[in-house]
Amino acid sequence: MTALNPIPTTLIPGDGIGPEVVKATVAVLEALGAPFKWETQLAGMAAFNACGDPMPQPLLESIRKNGLALKGPLSTPIGEGFRSANVRLRETFGLYANVRPALTIVPGRFDKIDIVLIRENLEGFYVAHEHYLPVGDDPRAVALSSGANTRVGINRIARYAFEYAVKHGRKKITIVHKANVLKVLTGLFLEEARNVAREYEGRVAVDDRIVDACAMQLVLNPWQFDMLLCSNLFGDILSDELAGLVGGLGLAPGANIGKDVAIFEAVHGTAPDIAGKGIANPISLLLASGLMLDHVGHPELATRLRTAIDLTLNQDNVKTTDLGGKATTTTFTEALVKRLN
Ligand code: NAI
């Protein structure tokens, strides 16, 4: 077999279980013969502890140069401290589209789920223009937050979603909103997404749902959904719900896509409750690396990877504890590598 051209890629081990699942993923990709040439860089709390900056310059230069990164989860201090490095990475590199597919691999409470959620990644409430107003002697008596959706940003994410549907043969997009209450912020999202939908009439069907009803319908009858198009906050919440439908956060990959840069990651966070115990499920990040293989034009390797994961889980019955099994991160990884050899 001729050697594949090496693809320089930034590798971010991340925080908490990040280094554990990243190590497993790198080992599996090596066994697969994936041609990534890794450049390891720190970000998040690991970088903050090492050099006082959660987004150090060498990290940013490496991502800018390579246009491609595989990222472990990064921890963000809650309520205080530095701003989320995840959000800042998306802003810095204009990663406007967050793609989160949810596909059943392990039959569970819900079988045969196949839904792709496209989340707007830069706007909405995540612009985080927040402040307090003092009343009397309480300096934080009132909390204020404003969201921002722009017509340009909505058009761009809606177009991405409809193009994705056409390219991947998906049939229907459901636009998720709260336009009955947030008539301006999410009303514009609905209006502009519908404008884009009209250009795809006859090729991709469209409907829309209020976010709370959508959350309920996802539990009652998830099979009615094909793709969801969401603004930032709603997409964040519903994609965790989707992960729950297919067996949990251990099985949910995500891609952050911009014009020049793409960063692939698991949907889950740093899982501080299990970090260092060696029991984290690496499949989310492995599936994210599968999306990365599709992205760089190696769908054949991505398919081999997904098939091997399926066989390891369902034929060899090797599963980590979150899926009801006994495997550790290492023993699952070894079983998967065996399937690839
Ligand atoms: P989390 O996703 O880290 O954990 C939620 C629950 O799921 C925990 O019980 C955890 O043990 C379990 N879990 C998550 N991933 C797992 C895996 N691979 N295998 C087995 N079990 C797994 O969410 P949480 O606790 O809300 O957030 C912790 C930290 O992660 C926070 O600092 C947050 O800001 C950060 N975070 C980072 C993200 C990223 O880098 N993309 C995404 C979400 C959260």
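Definitions and limits used
- Residues numbered from 1 in each chain as written.
- Predicted model: local features only at pLDDT ≥ 70, side-chain atom pairs only at ≥ 80, totals over all residues.
- Heavy atoms only, no water.
- Salt bridge = Lys/Arg side-chain N within 4 Å of Asp/Glu carboxyl O.
- Helix = DSSP H or I, 4+ residues; strand = E, 2+ residues; numbered from the N terminus.
- Expected span 1.5 Å × (residues − 1).
- Buried < 20%, exposed > 50% of the residue type's maximum accessible area, 1.4 Å probe, protein only.
- Arc of directions from axis to C-beta.
- Domains from an automatic or database assignment.
- Contact = heavy atoms within 4.5 Å.
- Buried area = accessible area lost by both parts, 1.4 Å probe.
- Polar contact = N/O pair within 3.5 Å; in protein donor to acceptor, adjacent residues only side chain to side chain.
- Pairing = 2+ DSSP bridges.
- Axes fitted to C-alpha atoms, helices over the stretch in contact; angles between N-to-C directions.
- Core = buried A, V, L, I, M, F, W, Y, C linked by side-chain atoms within 4.5 Å.

(A) The arrangement of the pattern of salt bridges in detail. Inspection of the entire model under this criterion finds 18 salt bridges. With a shortest N-O distance of 3.0 Å, Asp-294 and Arg-306 are connected by a salt bridge. Highlighted residues: Asp-294 in helix 9 (residues 283-295) and Arg-306 in helix 10 (residues 299-314), separated in sequence by twelve residues. Taken together, the shared-partner salt bridges in this structure form one network comprising Lys-71, Arg-90 and Glu-265.

(B) Inspection of helix 5 (residues 151-168) at higher detail. With 18 residues, helix 5 should cover 26 Å at 1.5 Å per step; its first-to-last C-alpha distance of 25 Å lies within 8% of that length. Listing the buried residues of helix 5 in full gives Gly-153, Ile-154, Ile-157, Ala-158, Ala-161, Phe-162, Tyr-164 and Ala-165. Buried residues of helix 5, viewed axially, fall in a sector of 160 degrees; they line one side. Pointing more than 90 degrees away from the buried face of helix 5 are the exposed residues Val-152 and Lys-167.

(C) Here's a closer look at the domain arrangement of the chain. Split into domains, the chain comes out as domain 1 (1-103 + 248-341) and domain 2 (114-245). Relative to domain 2, the C-alpha centre of domain 1 lies at a distance of 25 Å. Taken together, the contact pairs 20 residues of domain 1 with 23 residues of domain 2. For the pair domain 1 and domain 2, the summed buried area comes to about 1,700 Å², and 56% of that belongs to carbon and sulfur atoms. Looking only at domain 1, the three residues that lose the most surface to domain 2 are Tyr-96, Arg-100 and Ala-102, adding up to 38% of its buried area. Two residues, Arg-100 and Asp-236, come together in a salt bridge whose shortest N-O distance is 3.7 Å. Taken together, the connections running from domain 1 to domain 2 amount to nine residue pairs in polar contact (both at pLDDT 80 or more).

(D) Fine view of the side chain of Asn-121. Mapped onto the elements, Asn-121 comes out in the loop between strand 5 (114-120) and strand 6 (124-135). Within polar-contact distance, the side chain of Asn-121 engages the side chain of Asn-98 at 3.4 Å.

(E) View of unusual backbone geometry. Positive phi values are uncommon outside glycine, yet Lys-112 reaches one of about 55 degrees. With respect to the element layout, Lys-112 can be found in the loop between strand 4 (97-103) and strand 5. A positive phi angle, near 55 degrees, is found at Asn-317, a position not held by glycine. Note on Asn-317: relative accessible area 54%, which makes it exposed.

(F) Region of interest: the sheet that holds strand 3 (residues 68-71). One open sheet holds the ten strands; their spatial order is 2-1-3-12-11-4-5-10-8-9, and the pairing between them is mixed. Looking at which strands have only one partner, the edges of the open sheet turn out to be strand 2 (36-40) and strand 9 (205-210). Averaged over neighbouring strand pairs, the angle between their axes works out to 25 degrees when direction is ignored. Inspection of the sheet shows strand 8 (residues 172-177) paired to strand 10 (residues 227-230) by three bridges, in the parallel sense. Considered in strand 10, the bridge of Thr-174 is made with Leu-228. Of the strands in this sheet, strand 1 (7-12), strand 2, strand 3 and strand 12 (262-266) are in contact with helix 3 (residues 57-66), which crosses strand 1 at around 150 degrees.

(G) Focus on the nonpolar core. Within the largest apolar cluster, 68 residues are counted, with the highest numbers of intra-cluster contacts made by Ile-118, Leu-229, Phe-264, Ile-283, Leu-293 and Ile-309. Per element, the largest residue contribution to this core is eight residues, and it comes from helix 9. A domain split of this core shows at least three residues from each of domain 1 (1-103 + 248-341) and domain 2 (114-245). Judged by nonpolar contacts, the second largest core, of 17 residues, contains Ile-115, Cys-214, Cys-230 and Leu-242.

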